2 protein chains.
Amino acid sequence: MRITIIGSGNVATHLAAALKNAGHKIIQVFSPTYQNAAMLAYHVGAQPIDALSEIDPVADIFMIAVKDDAIEGIAKQLAAYNKLTVHTSGATSLQTILNYNPLSGVFYPLQTFSKTKEVDFWQVPLCIEGADNDITAQLELLAQTISNNVQRVSTSQRTILHLAAVFACNFPNNLYAIAQMLLAQHQLDFGLLRPLIMETAQKVQTSLPIDVQTGPAVRNDTKTMAAHIDLLLDLPALRPLYEALSQSIIKMGIEHKADK
Amino acid sequence: MRITIIGSGNVATHLAAALKNAGHKIIQVFSPTYQNAAMLAYHVGAQPIDALSEIDPVADIFMIAVKDDAIEGIAKQLAAYNKLTVHTSGATSLQTILNYNPLSGVFYPLQTFSKTKEVDFWQVPLCIEGADNDITAQLELLAQTISNNVQRVSTSQRTILHLAAVFACNFPNNLYAIAQMLLAQHQLDFGLLRPLIMETAQKVQTSLPIDVQTGPAVRNDTKTMAAHIDLLLDLPALRPLYEALSQSIIKMGIEHKADK
């Protein structure tokens, strides 16, 4: 397919690369900052543009990969072209762009992307939704050219997925950052925790997290928990967090036992 | 070395296996439950015992790998043998066993172990501490036969490491479990999040977590955060957790920018 990418951030970058590698033609890359458009366009052999008025109508599909609050404005401007248009956001409804164009869909890759780190796109769950069955089928075919894990996901399901992804990715990373800070304050290297972090993520690749919970809270080891809270005396912001997460482990552990 | 393992849980199991594979002789495995001692002893070619009175004094070292609150009692009973004795706990001081025996040390593997999942022990940071320089040197040599990542770590540093490990392992796993629960409530499969969880852990293998934070909080995307909090209306226990972790991301992001 002939594809135009609207955006030049992490999602736009990885998506454009995966689509080009699958043999699709990236026609244009748009960014309001020409330099950014040019950088990504260079890598995928496309034309960089910094004004939507320069859009080439030869494209078969427009893919909007911009900040959530910019999606609607762009969809409005693209509506005149009457082309299949998708956004790539977990937190935005299909309706947001469907209001401007009946040929709308969603193409949401459920992964965290950094510009400097390659991702095996074949493993990335690609959540698609179309305004009608034809669009859904067309997006599914396109998605299957770059991912082995294509899922039809409605807007309401995608909203939950996105919330769950915050719990499974953004929040754990913050906890890693807290651990990093605790170690730095005591001249200890973050590298000491890296194998532990990998193993914790690896465990839930084959198990469910509720079945592999470890640590003082799930053992209800009140002595260790009290000692930890004492250690956080100088870090008052972390004490309520330690307590809330320990309580969450205890509560979910009890409910899980009751379910068995 | 001739080693006696006191305990038959996750740490005892993985430690005994690694030591045996490195060519050491596991003399005995003790557990108050004979069946448990027998199971591990069978795998490492040792004699199972369920009473400390049956300890064979031929051992060069006793390794205590039991629940934290049982360590002191066991150290007390083992003192009569006058043998090098180490515990393997992150949360227990060296002093706890040193009170009973001058030949004391700590041999703490900083990893999360499950009995059913193999761990590459060469990658596990092994934190050692000895009551004197001779003991420290001896433990270091022993540790280097099973791990490429041996560190001398004092009791006070180990206490911080253990607290940081709770933030980097036990708490993230609870957040995975929350994500699992959210998906299950909407008939979505936890497998959708597995690549995201792996990638989040993989990112911090080469970066520092504070540098790779993503998600609505670090972008200060108040609209998405408000939408997420609305979604948690029926799950009142999760709302304060969502808010506290988002605030933590925002606060650390601001401090990190100021540091730059």
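The numbers attached to residues start from 1 for each chain and follow its sequence in the written order. Throughout, the order in which chains and ligands are written sets their labels, letters from A for the former and numbers from 1 for the latter. Side-chain atom pairs in this predicted model are given and counted only at pLDDT of 80 or more, local residue features only at pLDDT of at least 70, and totals for whole chains, interfaces and linings cover all residues. Hydrogens and waters are ignored; side-chain quantities use all the structure's heavy atoms.

Chain A has the name Putative short-subunit dehydrogenase-like oxidoreductase (DUF2520 family) in an unreviewed UniProt entry, where Mucilaginibacter gracilis is given as its organism.

1. Focus on the nonpolar core
Threshold: We call a set of buried Ala, Val, Leu, Ile, Met, Phe, Trp, Tyr and Cys residues a nonpolar core when their side-chain atoms join them within 4.5 Å. Burial here depends on accessible area, computed with a 1.4 Å probe over protein chains only, as a share of the maximum for the residue type. Under 20% is buried, over 50% is exposed, and the range in between is partly exposed. Note on definitions: a residue-residue contact is assigned when non-hydrogen atoms from the two residues lie within 4.5 Å.
One finds Phe-167 and Leu-193 of chain A together with Phe-167 and Leu-193 of chain B to be the most contacted residues of the largest nonpolar core, which totals 92 residues. Look past the residues within four positions of Leu-193 of chain B in its chain and what remains in contact with it is Leu-110, Leu-161, Ala-164, Ala-165 and Ala-168 of chain A together with Ala-179 and Leu-183 of chain B.

2. A few points about the UniProt feature "domain: DUF2520" (unreviewed entry) in chain A
Basically, it comes down to this: UniProt positions are given in the numbering used here, feature names are shortened, and annotations may be inferred rather than shown by experiment. To qualify as a helix, a DSSP run of H or I must reach at least 4 residues; to qualify as a strand, a run of E must reach at least 2; elements of each kind are numbered from the N terminus.
The UniProt entry lists residues 124–249 of chain A under the feature "domain: DUF2520" (unreviewed entry), expressed in the numbering used here. As a span, residues 124–249 of chain A carries 62% helix and 6% strand, and end to end its C-alpha atoms are 29 Å apart.

3. Here's the deal with the pattern of salt bridges
All names here are of chain B. Applied cut-off: We define a salt bridge as a side-chain nitrogen of Lys or Arg found within 4 Å of a carboxyl oxygen belonging to Asp or Glu.
One pass over the full model with this rule turns up 12 salt bridges over all chains. A salt bridge links Arg-219 to Asp-221; its shortest N-O distance comes to 3.5 Å. In this structure Arg-219 comes out as partly exposed when scored by relative accessible area, which is 43%. The exposure class of Asp-221 is buried, given its relative accessible area of 15%.

4. Some thoughts on the relation of the copies chain A and chain B
Note the threshold: A least-squares superposition brings the copies together, and it is based on the C-alpha atoms of residues with pLDDT no lower than 70 in both.
Expressed as a screw transformation, the operator carrying chain A onto chain B has a rotation angle of 180° and an axial translation of 0.0 Å, and the superposed copies differ by an RMSD of 0.0 Å. The symmetry that links the two subunits is that of a two-fold axis. Minimal C-alpha separation from the rotation axis in chain A is found for Pro-172 of chain A, amounting to 2.4 Å. The residues that chain A uses at the interface reappear at the interface of chain B in 100% of cases, marking a shared surface.

5. Some points on the domain arrangement of chain A
Residue and element names in this part refer to chain A. Rules: Either an automatic procedure or a domain database provided the assignment from which the domain bounds are taken. The quantity reported as buried area is the accessible area (1.4 Å probe) lost by two parts once they are put together, taken as the sum for both. The term polar contact refers here to a pair of N or O atoms within 3.5 Å; inside protein, the definition further demands a hydrogen-donor-capable atom paired with an acceptor-capable atom, and it admits residues adjacent in sequence only when both atoms are side-chain atoms.
As far as domains go, chain A holds domain 1 (2–153) and domain 2 (159–259). The gap between the C-alpha centroids of domain 1 and domain 2 is 35 Å. Between domain 1 and domain 2, the residue contacts involve 7 residues of the former and 5 residues of the latter. When the two sides are added together, the surface that domain 1 and domain 2 hide from each other amounts to roughly 420 Å², 79% of it contributed by carbon and sulfur. The largest contributions to the domain 1 side of the interface with domain 2 come from Gly-90, Tyr-108 and Leu-110, which together make up 58% of the buried area. One can count 0 salt bridges joining domain 1 with domain 2. One can count 0 residue pairs in polar contact (both at pLDDT 80 or more) joining domain 1 with domain 2.

6. Quick notes on the sheet that holds strand β7 (residues 126–130) of chain B
All names here are of chain B. Note the following rule: We call two strands paired when DSSP finds no fewer than two bridges between them. Axis angles are defined between N-to-C directions and span 0 to 180 degrees, where every axis is a line fitted to C-alpha atoms and, for a helix, only to the segment in contact.
Across the sheet, which stays open at both edges, the 8 strands sit in the order β3-β2-β1-β4-β5-β6-β7-β8 with mixed pairing between neighbours. Unpaired on one side and paired on the other, β3 (47–49) and β8 (150–152) mark the two borders of the sheet. Recorded for the sheet is a direction-independent mean angle of 25° between the axes of neighbouring strands. Packed onto the sheet, helix α1 (residues 10–21) meets β1 (2–6), β2 (25–30), β4 (61–64) and β6 (104–109) and runs at close to 170° relative to β1.

7. Quick notes on helix α3 (residues 68–78) of chain A
Residue and element names in this part refer to chain A. Condition: Arc, as used here, means the arc of the directions from the helix axis to the C-beta atoms.
Taken as a whole, α3 has its buried residues at Ile-71, Ile-74, Ala-75 and Leu-78. Taken down its axis, α3 places every buried residue within 105° of arc, on the same side. Among the exposed residues of α3, those pointing more than 90 degrees away from its buried face are Asp-69 and Lys-76. Tucked inside the fold, the buried residues of α3 contact β1 (2–6), β4 (61–64), β5 (84–87) and α4 (95–98).

8. A closer look at the environment of Ala-59 of chain B
All names here are of chain B. Along the chain, the position of Ala-59 falls in the loop between β3 and β4. Sequence separation between Ala-59 and Arg-2 is 57 residues; the distance between their C-alpha atoms is 4.9 Å. Not counting the four nearest positions on each side in its chain, Ala-59 is found in contact with Arg-2, Thr-4, Ile-27 and Lys-83.

9. Considerations on unusual backbone geometry
The bulk of non-glycine residues show a negative phi, and the bulk of peptide bonds are trans. Residue and element names in this part refer to chain B. A positive phi angle, close to 55°, is found at Gln-187, a residue other than glycine. Within the secondary structure, Gln-187 is located in the loop between α6 (155–185) and α7 (194–206). With phi around 50°, Asn-220 is a residue other than glycine that occupies positive phi space. Positionally, Asn-220 belongs in the loop between α7 and α8 (222–231).

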